[in-house]
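A structural walkthrough
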Amino acid sequence: MMPRRASRGFGLLEILIAAVVIGLGIVALTSLQGKFLKSASATSQREVALKLAQAKLDDLRSFTYDADPDGFGFNEITSNQGGRSGELAASSSLTYEQHNFGLGWTVADYKLVGGDYVAVTDPADKVAQKYVVINVNWTDSSGRSQTLSLPHTLSPTIPDTGTASSGGDVGLGGSGPTVRHQDAAAPDVIDIDLGDGSKRESSKPLPEVNAGDGIVLVQFDSINFDNSDSQKIVQEDNLTVSCSCYKSTASAERNNPVQLKWADEALYWEQIDPVTKQTGSSVVSGTDRLAVLCNRCCEDHFDAESGGSTTATDRLEKHYSYDSGRWGNRRYYLDNQGDFIEATGNKAYLEACRMMRINGYYVLMPDWQQAHQEVMTREHLSTSAIVAEYQGKVKAMLRDFASSSANYKTDPSSYQYLVSTENFPQDDVTIDPATSTRTQFMGRAVYIDPIENYSGTTSALPYNAFPFHEVNNTLLADWSLYSCNSTEFNPADPLNGCTRCSQSTDEFNCGNVALSNQPVAGSRSAVADADYYQGYYSRGELRYNTSSSGNYVVEVSSRKGNSGVTGTGPVSAYDASNVFTRHIGVSFGEVTETPGEKMTVGGRIFCYRASLNKQTGAFESWDACDKKTFNASVSTTIGSCPDQPVLQGSATPSFGCILPSDWIASGDGIDNLLRFSGIGANFHPEAIDEAALEAEAEKDKLCVVMIAGSVPEDATDIPSCSYDSGR
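Residues numbered from 1 in each chain as written. Predicted model: local features only at pLDDT ≥ 70, side-chain atom pairs only at ≥ 80, totals over all residues. Heavy atoms only, no water.

**As for the pattern of salt bridges**
For the structure on display, the rule yields 19 salt bridges. Salt-bridge contacts for Lys-199 lead to Asp-191; the nearest nitrogen and oxygen are separated by 3.7 Å. Here Lys-199 and Asp-191 have matching classes, each one buried. Connected through shared salt-bridge partners, Arg-254, Glu-299 and Asp-300 make up one network. (Salt bridge = Lys/Arg side-chain N within 4 Å of Asp/Glu carboxyl O. Buried < 20%, exposed > 50% of the residue type's maximum accessible area, 1.4 Å probe, protein only.)

Next comes the structure, spelled out in structure tokens:
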């Protein structure tokens with residue numbers, strides 16, 4: 001047998017050494033954990049401080065109309081003053097998201113002098129810009145004082161027609177602020193070349209509905225921008241509201257419309273002095289935005305006198321409309337039979353008003369004056385050539401209107417644009433039901449404002465001074481469908497031999513063919529689809545099946561005054577009868593024409609964000625984005641980009657666009673662009689123009705770099721990319 005060895009335990013010395021080693025490890029781990037916690041705490045505090053500064057900036061940007069009891073005006077924004085939220089008032093001790101901060105801001109006022117921004121020295125000077133710096137301070141976990149500053153420029157909407165400067169020296173050691181404009185894409189939005197290197201376009205109007213109160217508000221922007229660098233020159237915030245009002249039995253001193261006048265070789269808006277006149281009040285009370293705007297509409301939208309000379313040069317100082325058929329202060333409501341009945345004192349009536357934001361306030365403007373209406377299929381504006389033709393048609397119409405009127409004062413009911421070219425108006429279209437089940441039709445309108453005191457020849461007025469709005473009014477116009485059986489479409493007598501289809505709340509239905517005309521308020525929800533305008537409600541969408549046949553006529557009508565811009569019903573019998581009506585013939589059958597060739601382009605977007613040293617804030621490297629930070633979209637001036645980039649798994653985001661064959665066409669005067677955009681992101685390149693795309697040998701292997709967030713000043717060069725390096 002082997003001898004058994006005696007068992008041994010740990011000695012005292014070994015135990016002491018082990019205790020020392022474990023103790024040192026615990027101390028190191030505790031110290032490291034403390035550093036991690038401090039670093040995380042500092043990062044958290046700075047992120048919350050930035051959110052606080054951004055929240056205060058948004059609060060200051062909410063300056064608005066003076067009728068809002070909870071609102072404030074642009075001129076009320078001063079150092080440590082201004083804003084709606086009491087929780088975001090200037091304070092040395094403010095708790096925000098469970099952190100304690102100090103919040104304050106400084107404001108410096110600037111005026112325009114000869115196109116440059118200079119500091120305001122006289123309180124009587126008109127403030128054109130406010131340079132705001134939001135300051136947030138706090139004490140970090142190490143007891144050190146920290147400060148974050150967020151600068152921004154606030155400007156009132158300057159509603160002239162192109163004479164305002166787009167920037168200049170602001171007296172701060174640098175150039176004035178540059179406000180970029182994201183040029184929208186055809187066919188929804190069409191820009192008009194103004195001949196001086198700038199363009200003008202109006203965003204697609206989308207109604208805001210308070211269905212319970214019966215209030216409908218429609219808002220869109222008209223923007224002049226520099227075509228070379230997409231810098232905004234002028235932005236007009238247009239608003240039209242449809243309301244129910246009570247007619248007062250007493251008169252009161254109320255505002256008159258702002259009037260467009262000419263002086264010193266420029267157009268400007270002038271507020272006419274208030275007068276004592278008929279007034280009203282909104283049926284809906286309250287302090288929310290729609291109720292406040294409606295009350296202003298009901299109070300002010302009355303003429304200063306009922307009649308007047310139709311040749312008077314100051315008619316807009318007395319009336320809201322240049323159309324004499326709308327003069328006077330008679331107001332109407334609809335009875336149970338659908339007839340208009342005049343409202344007497346304290347009775348409810350229908351109303352619609354146009355407003356514009358000036359210096360932060362929505363003021364009543366002269367009524368909308370529609371001068372032209374078009375109807376076409378949405379895909380009709382699918383090539384550069386046809387878009388250019390339409391743009392030329394609008395400019396020709398403006399010249400024609402100016403030549404046919406005195407200072408743009410032609411009565412809307414007496415003006416008719418008769419000039420037509422190859423593709424406009426689009427008289428008829430053949431649809432092959434075997435290739436599609438729906439076609440979206442589109443309405444486009446032109447509105448023109450009258451000018452007072454213009455002594456020159458209006459037909460020679462430069463386009464950048466034309467007071468016009470070219471608007472996609474598909475969702476605002478009324479649509480009807482007629483069945484014509486075997487009768488072919490005749491533009492001279494479009495409804496000859498045709499019968500109006502059965503009408504319901506949402507559509508006109510002829511059995512196998514139906515045309516949508518959903519109401520603005522209370523319409524059924526629809527699947528969001530940009531090509532068919534169904535993200536909100538549907539109008540002008542023709543639906544059919546494979547067995548559809550025969551001939552039809554699509555009719556679009558738009559009232560020429562304010563109610564035509566709200567998408568709701570007329571406010572009087574005159575309003576109901578004073579409309580633009582256009583027709584387009586539709587026949588079902590095999591399409592024998594060879595469709596135009598298309599060009600497919602695409603590529604990959606490589607996303608990076610800057611990695612910073614947590615202690616010093618210095619730039620360290622470019623890291624790949626994650627799903628939370630990737631945010632990109634692609635658009636084109638002509639064509640469509642249905643394959644939008646999405647970050648899926650580990651694959652590199654890709655995009656695809658279908659462009660018309662003439663997208664690249666030198667010498668046509670049109671510079672098409674592929675644009676890349678995203679909230680809080682920078683793209684390299686930001687856009688690909690015709691020349692750059694033409695130079696690409698493989699147009700389906702384009703490469704774009706996206707930087708999520710800002711680019712640090714000490715960062716190295718933007719990362720390069722290669723399509724084949726993606727996956």
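**So, the packing of aromatic side chains**
In this structure the tally under the stated criterion is 10 aromatic pairs. With a centroid separation of 5.0 Å and an interplanar angle of 35°, the aromatic rings of Tyr-463 and Phe-466 are classed as tilted. Accessibility expressed as a relative area gives 16% for Tyr-463, which makes it buried. Judged by centre distance (5.1 Å) and plane angle (65°), the ring pair of Tyr-544 and Phe-588 falls under edge-to-face. Of the two residues, Tyr-544 is situated in strand β27 (residues 539-544) and Phe-588 in strand β29 (residues 579-588); the sequence distance between them amounts to 44 residues. The same class applies to Tyr-544 as to Phe-588, namely buried. A network of ring pairs unites the aromatic residues Phe-220, Trp-368 and Tyr-447 as a single cluster. Between the NZ or CZ atom of Lys-395 and the centre of the ring of Tyr-463, over which it lies, the distance is 4.8 Å. (Phe/Tyr/Trp six-rings, centres within 6.5 Å; stacked < 30°, edge-to-face > 60°. Helix = DSSP H or I, 4+ residues; strand = E, 2+ residues; numbered from the N terminus. Lys NZ or Arg CZ within 6 Å of the ring centre and 35° of its normal.)

**Section: helix α4 (residues 384-403)**
Taking 1.5 Å of rise per residue, the 20 residues of α4 would be expected to cover 28 Å, and the 29 Å separating its terminal C-alpha atoms lies within 8% of that figure. Along α4, the residues classified as buried are Ser-384, Ile-386, Val-387, Tyr-390, Gln-391, Lys-393, Val-394, Met-397, Leu-398, Phe-401 and Ala-402. In this structure, the buried side of α4 is in contact with β6 (192-193), β18 (370-377), β20 (438-448) and β21 (468-472). (Expected span 1.5 Å × (residues − 1). Contact = heavy atoms within 4.5 Å.)

**So, the pairing of β20**
Counting buried residues along β20, 10 of its 11 residues qualify, which places the element largely inside the surrounding structure. One ladder, built from seven bridges, connects β18 with β20; its direction is antiparallel. By the bridge assignment, Val-375 is partnered in β20 with Gly-443. Judged from the five bridges that link them, β20 and β21 form a sheet pairing that is antiparallel. Bridge assignment links Arg-444 to a residue of β21, and that residue is Asn-472. (Pairing = 2+ DSSP bridges.)

**A closer look at the sheet that holds strand β35 (residues 673-677)**
An order of β32-β35-β37 is seen for the three strands of this open sheet, with the pairing classed as antiparallel. The open sheet is flanked by β32 (633-636) and β37 (687-689), the only strands paired with a single partner. In this sheet, adjacent strand axes meet at a mean angle of 15° when their direction is disregarded. The sheet contact formed by β35 and β37 spans three bridges and is antiparallel. Bridge assignment links Leu-674 to a residue of β37, and that residue is Ile-688. (Axes fitted to C-alpha atoms, helices over the stretch in contact; angles between N-to-C directions.)

**So, the sheet that holds strand β19 (residues 428-431)**
Taken in spatial order, the five strands make up an open sheet running β19-β29-β28-β22-β23, and their pairing is mixed. Since the sheet does not close on itself, it has two edges, and those belong to β19 and β23 (499-500), each with one partner.

**Looking at the state of the cysteines**
What the rule picks out here adds up to seven disulfides. In this model Cys-243 forms its disulfide with Cys-294; the gap between the sulfur atoms is 1.9 Å. Here Cys-243 and Cys-294 share a disulfide; its torsion about the S-S bond, -95°, makes the bridge left-handed. Of the two residues, Cys-243 sits in strand β10 (residues 232-254) while Cys-294 sits in helix α2 (residues 289-300), which places them 51 residues apart along the sequence. Its relative accessible area of 3% is what places Cys-243 among the buried residues. Cys-294 gets classed as buried once you look at its relative accessible area, which sits at 0%. (Disulfide = S-S within 2.5 Å.)

**Re the nonpolar core**
Within the largest apolar cluster, 59 residues are counted, with the highest numbers of intra-cluster contacts made by Leu-381, Leu-398, Ile-605 and Met-706. For this core, the element with the most residues is α4, which contributes seven residues. Residues within four places of Ile-605 in sequence aside, it is in contact with Phe-630, Ala-632, Val-634, Pro-645, Thr-652, Pro-653, Phe-655, Phe-676, Val-704 and Met-706. Counting residues in hydrophobic clusters, the runner-up holds 25 residues, among them Ala-49, Leu-94, Val-136 and Leu-150. (Core = buried A, V, L, I, M, F, W, Y, C linked by side-chain atoms within 4.5 Å.)

**Points about empty space enclosed by the protein**
The gaps left among the atoms become clear once a water-sized probe is rolled over them. By the definition in use, this model includes two cavities of 30 Å³ or more. A volume near 50 Å³ is recorded for the largest cavity. When grouped by side-chain class, the residues that make up the lining of the largest cavity number seven nonpolar, three polar and four charged. Approximately 30 Å³ is the volume found for the second largest cavity. If you trace the second largest cavity, you find it lined by Cys-484, Thr-487, Glu-488, Phe-489, Asn-490, Asp-493, Pro-494, Asn-496, Cys-498 and Val-553. Broken down by class, the residue content of the lining of the second largest cavity amounts to five nonpolar, three polar and two charged. (1 Å grid on protein atoms, 1.4 Å probe; cavity = no way out; pocket = protein on both sides within 12 Å on 5 of 7 lines; lining within 4 Å. Points joined across faces, edges and corners; volume = space filled by probe spheres on them. Nonpolar A, V, L, I, M, F, W, Y, C, P; charged D, E, K, R; others polar.)

**Regarding the pairing of strand β22 (residues 478-485)**
Summarising burial for β22: six of the eight residues are buried, a large majority. Pairing of β22 with strand β28 (residues 550-559), which is carried by seven bridges, proceeds in the antiparallel orientation. Its bridge partner being in β28, Asp-478 is matched across the sheet by Ser-557.

**Some points on the environment of Gly-567**
Relative to the helices and strands, Gly-567 is located in the loop between β28 and α5 (573-577). Along the chain, Gly-567 and Asp-478 lie 89 residues apart, while their C-alpha atoms are 7.6 Å from each other. Apart from residues no more than four positions distant in its own chain, Gly-567 is found in contact with Leu-476, Val-520 and Arg-539.

**Some details on the confidence of the model for the protein**
When pLDDT is averaged across the protein, the result is 78; 77% of the residues are at 70 or more. Considering each helix and strand of the protein separately, the mean pLDDT is smallest for helix α1 (residues 12-60), with a value of 61, and largest for β23, with 97. Here residues 32-43 is modelled with pLDDT under 50, and outside its nearest four sequence neighbours on either side it reaches four contacts, counting other chains as well. Throughout residues 522-535 the model reports pLDDT below 50, and contacts reaching past four residues in sequence, or to other chains, amount to 33 contacts. (pLDDT = per-residue confidence, 0-100.)

**Considerations on unusual backbone geometry**
In terms of backbone geometry, most residues other than glycine have negative phi values and most peptide bonds are trans. At the junction of His-684 and Pro-685, the peptide bond is cis and its omega measures out at 0° in the coordinates. Along the chain, Pro-685 falls in the loop between β36 (681-684) and β37. Positive phi outside glycine occurs at Asn-80, with the angle close to 60°. With respect to the helices, strands and loops of the structure, Asn-80 is situated in the loop between α1 and β1 (91-96).

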